[in-house]
Amino acid sequence: MKVFEYLLNNGSHLPFSQNFNSVMGIPGLWEILKPTAHSRTLTQLTVCEGFEANRRGTGTVKIGLDGSLALNRAQWAAYHQSRHRLNMQAGENLPLQILFYQICRLMMLPVNLIVVFDGPDRPRIKRGTKVRSAPHALQNAYIQLLTATGFSAHIAPGEADAELGALNLQGHIDAVMTDDVDIFLFGANTIIRLPNVVANGDQISLYTAAAISSHRSTNLTRPRIFLIAILSGGDYDNGLNGCGIKIAHKISTCTTLGDELYTAVISLHRQDLKAFLRGWRDRLKSVLAGPNSILGRQYTVLAQSVTSQFPCIEVLYAYLRPPTSCSDVPENHDPDLSSLAIWCEKYFSWASSQKLLDRFRSKVWSGICIREFLKPLDANAAIANHVLVNLSVAGRPHILRINKATLGEGNPSRRPNIWGYTIEVEEQAFVQAALSKLAPEHQKHFSKYIRKKFNMWIPRSILERALPSLVARFHQTNPMSVQPPLLPLLTPLSACAGTQHNPILVECDSEAEMETDKDDSEEVAETSVHGPPTRIQFLLDFLDHLL
């Protein structure tokens, strides 16, 4: 079962999925762009440039994901599980299980995820094959999963990649997570290539438009990549017969043909574009077969392949004038454990088979804790609720203790590589929330099966901002190294300054106050299974003592 869960976590990154990936976008372009990639862990990127920078005022990195691609990858991986002889252990709806575990992984990060799906006006033909116009059979179920876990879904008017590129270009999202290299053609500035979790763990390759244009081995801008697609072929056309990626790359960087074509397509009316293309084709032929060709040799056969129908105007429009909504996307919301439990019972029968709590304990609780600690606490509302109706700090996880400080869980080459803590957390509130709306017969299965605690790893800065006194007390006897800051990779946003998190959760006012916190929290711990989960809870406890 451990091997099977490992594959479920990384199902779309199995070796055979590379055959699926290789047919997307411009063949060979990823290899050309490889020297420009920045190496990070996904945790480093989202914690340092999201949470610690208080990006967008929410402390999260807004990532767009191609939902149609995610569904196809999951289905492809599930279909080929038989090669690993593990498909008989899968249970129900293996593609959805793969998606479930991947979403659980993202819940453990300061990420604001927007999953975009292909819409009704997507291209009907790709790579010579007719594309189904109907939504993917699992799309509604996937959207329900996203809603239950607090993430957002968005239906594009056309192709999801085109929508994601426009959203990134306009600053509505910070990065696009995809394997389709065509995303550069659609204007994306920051791309996280879907990681191979099996081989690389938390390590990712991040590409930026700035690095791709400035690196001496690539020297590529959006218009130049556009020209490469037109010459060497991509999803919408096979390109110029006989023109490979290397020749196309050289033409794009040594001439102005790409910039000229790009400007004409986005600015000219159709009839004017037709007239422009006559002269453009002549210039292309001159580059390919002219006596003083800048390519180092003459490509006479290629020049003869430039017909009066090349390039196809519909292909030009598909790349540079695709239908997009040009609007912001919905914000994420709080996860709903009861809805998630119902969803898992509906598609996996986990409540009926009494597997629900085991699955949630290993994959869901940690993400719920992280999401709660990402939210700033409304101190006034918490105190009012407590005084009026004796409510505790709603939703805040109850941390029992810090066990140790680590650079993340797992093998050193695959772990987050950022300081954090392994902590012990009480799970009873999560269990009650998850079971609250299940059928009575299912709740009975778990009536005597409630543990008091579970262990999880949490980045240092997130716990430190939420529970500063707890972290300070731990480090009185457990010193920790300081990591040097990393070079920022995400495009700066004016909104990043934002407002700081509620200061009552950020820092202790003095050494004396820290000592007072220490003494009082230890006193509370003697009469309760958990200490104060936040400084506001400590204040509420102290208020009760005074009253």
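Here's a quick rundown of the structure. (Residues numbered from 1 in each chain as written. Predicted model: local features only at pLDDT ≥ 70, side-chain atom pairs only at ≥ 80, totals over all residues. Heavy atoms only, no water.)

Our next topic: the overall build of the chain. When its secondary structure is counted, the chain shows 26 helices and twelve strands. Counting over 547 residues, the chain shows a buried share of 54%. In the chain, the share of contacts with a sequence separation of at least 24, taken over all contacts with a separation of at least 6, comes to 77%. (Helix = DSSP H or I, 4+ residues; strand = E, 2+ residues; numbered from the N terminus. Buried < 20%, exposed > 50% of the residue type's maximum accessible area, 1.4 Å probe, protein only. Contact = heavy atoms within 4.5 Å.)

Before going further, it helps to examine the packing of aromatic side chains. A complete count under the given rule lists 20 aromatic pairs for this structure. Seen in terms of ring centroids, Phe 226 and Tyr 262 are 6.5 Å apart; in terms of plane orientation they differ by 75 degrees. Their pairing is edge-to-face. In this pair, Phe 226 sits in helix H11 (residues 222-232) while Tyr 262 sits in helix H13 (residues 257-267), placing the two residues 36 residues apart along the sequence. Consider the rings of Tyr 421 and Phe 474, whose centres lie 5.8 Å apart with planes at 85 degrees: the pair is edge-to-face. Pair noted here: Tyr 421 is in strand S11 (residues 420-425) and Phe 474 is in helix H24 (residues 468-475), with a separation of 53 residues, a long-range link. Taking relative accessible area as the criterion, Tyr 421 reaches 0% and is therefore assigned buried. Taken together, the ring pairs connect Phe 100, Tyr 101, Trp 343, Tyr 347, Phe 348, Trp 350, Phe 360, Trp 365, Phe 430 and Phe 454 into an aromatic cluster. Above the plane of the ring of Trp 30 lies Arg 193, whose end atom (NZ or CZ) is 4.3 Å from the centre. (Phe/Tyr/Trp six-rings, centres within 6.5 Å; stacked < 30°, edge-to-face > 60°. Lys NZ or Arg CZ within 6 Å of the ring centre and 35° of its normal.)

Another point: H13. Taken together, the buried positions of H13 are occupied by Leu 257, Gly 258, Leu 261, Tyr 262, Ala 264 and Val 265. Taken around the axis of H13, the buried residues stretch over an arc of 165 degrees, which confines them to a single face. Residues of H13 that are buried sit in contact with H11, helix H12 (245-254), helix H14 (270-289) and helix H16 (313-320). (Arc of directions from axis to C-beta.)

Turning to the sheet that holds strand S12 (residues 454-459), a few remarks are in order. In space, the three strands of this open sheet follow the order S10-S11-S12, with antiparallel pairing throughout. Edge positions in the sheet fall to strand S10 (399-406) and S12, since each has one partner strand and no second. Across the sheet, the axes of successive neighbouring strands diverge by a mean angle of 30 degrees, strand direction being ignored. The sheet contact formed by S10 and S11 spans six bridges and is antiparallel. The residue bridging Ile 402 from the neighbouring strand is Ile 423, located in S11. (Pairing = 2+ DSSP bridges. Axes fitted to C-alpha atoms, helices over the stretch in contact; angles between N-to-C directions.)

Quick look at the pattern of salt bridges now. On inspection of all chains with the given rule, the structure shows 16 salt bridges. Across the salt bridge formed by Asp 179 and Arg 193, the nearest N and O atoms sit 3.2 Å from each other. Residue Asp 179 is located in the loop between strand S7 (175-178) and strand S8 (190-193), and its partner Arg 193 is located in strand S8; the two are separated by 14 residues in the primary sequence. Look at Asp 179 and you get buried, because its relative accessible area is 4%. Take Arg 193: its relative accessible area is 28%, and that puts it in the partly exposed class. Its salt-bridge partner being Arg 283, residue Glu 260 comes within 3.1 Å of it at the nearest N-O pair. You can see Glu 260 sitting in helix H13 and its partner Arg 283 sitting in helix H14, a full 23 residues away along the chain. (Salt bridge = Lys/Arg side-chain N within 4 Å of Asp/Glu carboxyl O.)

So, on to the side chain of Thr 149. With respect to the secondary-structure elements, Thr 149 resides in the loop between helix H7 (139-148) and strand S6 (152-155). Overall, Thr 149 belongs to the buried group, its relative accessible area being 2%. Separated by 2.9 Å, the side chain of Thr 149 and the backbone oxygen of Leu 145 make a polar contact. When sequence neighbours within four positions are dropped, the list of residues in contact with Thr 149 reads Ile 103, Met 107, Pro 335 and Leu 340. (Polar contact = N/O pair within 3.5 Å; in protein donor to acceptor, adjacent residues only side chain to side chain.)

Any link to function would need more than the numbers given here.
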